[in-house]
Amino acid sequence: MVFRSNVLRTLGASALLLLLAGCSAPLSAHWQGFPPAPQAKPGTAETDSAPAPAGPDCAEVKCVALTFDDGPGPYTESLLDVLDEHDAKATFFLIGIDVAKHPDIVRDEFARGHELGNHTWSHQDLAKLSPDAGQRELRKANDAIKEATGAAPTVMRPPYGTITESLKKSQPVPVVMWSDDTLDWKTRNAKKTIKAAENIEPGSIVLMHDIHKSTIDAMPKILTDLESQGYHFVTVSQLVGSPKPGVAHKTGQQPAATN
Ligand code: NI
């Protein structure tokens, strides 16, 4: 039964990969409907440049990069308020389709000093697309973010954490994976998300999703707990220092040259 056991092994590996990938449900599972758009605020015009806060020195103090995928979503604005209360900067990996529908929310993320990342136009698995189709997914999302904010995204994260080696190397911006998957997309439970965040260490890149209410509900406690431990909340680029284009970053440590 060599064939059968190979099939089983393949299926097992696929299931494990899906479990590990963690990058949320397919696009069809996304929420629908938004709260009323916030009114444009002074200083958020398209032509404004990035706030570019210097941030703390992560070589001297404890830092963590909280990252939120698959937005913008109906809870994103509430999350931005919670982050502001804790003087926390985060990184948002955005889906182009939703950026195009709700550029005001993305503009607000940018204006409040968060880092914006490309998460493809329609949440496709880049490892399964042709090179041209993969580039198109990334280019369309890049253009939507640039149109919304006036600035191109500075990092990218492939949906499901999968990307071909050649596409990764061709990226003009750093590719960002993660060290801590809270599994918020799976549990949809604030208490479990809070528990998962207890694994955070200095230099962690934490994967969460701002399209789930349970994640936003978990944030005040996660931020308060980490703050009491002396953590500073920074963007991925602030955490890594000088993240390298075409290279996958999983933590605040620079990856080996061969990565
Ligand atoms: Ni995703």
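Above this text you will find the structure in question.
The structure contained in this document is the topic of the report that follows.

Criteria and thresholds
- Residues numbered from 1 in each chain as written.
- Predicted model: local features only at pLDDT ≥ 70, side-chain atom pairs only at ≥ 80, totals over all residues.
- Heavy atoms only, no water.
- Helix = DSSP H or I, 4+ residues; strand = E, 2+ residues; numbered from the N terminus.
- Expected span 1.5 Å × (residues − 1).
- Buried < 20%, exposed > 50% of the residue type's maximum accessible area, 1.4 Å probe, protein only.
- Arc of directions from axis to C-beta.
- Contact = heavy atoms within 4.5 Å.
- Salt bridge = Lys/Arg side-chain N within 4 Å of Asp/Glu carboxyl O.

For the rest of this paragraph, the subject is helix 5 (residues 131–149). Helix length check: helix 5, at 19 residues, gives a terminal C-alpha distance of 27 Å against a target of 27 Å (1.5 Å per residue), a fit within 8%. Taken together, the buried positions of helix 5 are occupied by A133, G134, E137, L138, A141, A144, I145, A148 and T149. Each buried residue of helix 5 sits inside an arc of 135° when the element is viewed along its axis, so together they form one side. For helix 5, the exposed residues lying more than 90 degrees away from the buried face are P131, D132 and E147.

Bringing helix 4 (residues 103–111) into the picture now. Since one α-helical turn is 3.6 residues long, residues separated by three or four positions face the same way. Buried within helix 4 are the following residues: D104, I105, V106, D108, E109 and F110. Where helix 4 is buried, its residues meet helix 2 (76–85), strand 2 (91–94), helix 3 (96–101), strand 3 (115–118) and helix 5. At the exit of helix 4 stands G113, carrying a positive phi of roughly 90°.

A few words on unusual backbone geometry. Glycine aside, a negative phi is what most residues show, and trans is what most peptide bonds show. The omega angle of the peptide bond from G71 to P72 is 0°, so this bond is cis rather than trans. Residue placement: P72 occurs in the loop between strand 1 (63–71) and helix 2. One non-glycine residue, D87, lies in positive phi territory at about 50°. Residue position: D87 is located in the loop between helix 2 and strand 2.

Evaluation of the coordinates by the stated rule reveals twelve salt bridges. The shortest N-O distance in the salt bridge between R112 and D84 comes to 2.9 Å. Taken together, the positions of R112 in the loop between helix 4 and strand 3 and D84 in helix 2 put the pair 28 residues apart, joining distant regions of the chain. Taking relative accessible area as the criterion, R112 reaches 13% and is therefore assigned buried. The partner of E165 in a salt bridge is K168, with the nearest N and O atoms 3.4 Å apart. With E165 and K168 both in helix 6 (residues 165–169), this residue pair falls three residues apart, about one helical turn. Through salt bridges that share partners, E77, D81, D84, D108 and R112 make up one connected network.

So far we have only geometry, and geometry alone does not tell us how the molecule works.
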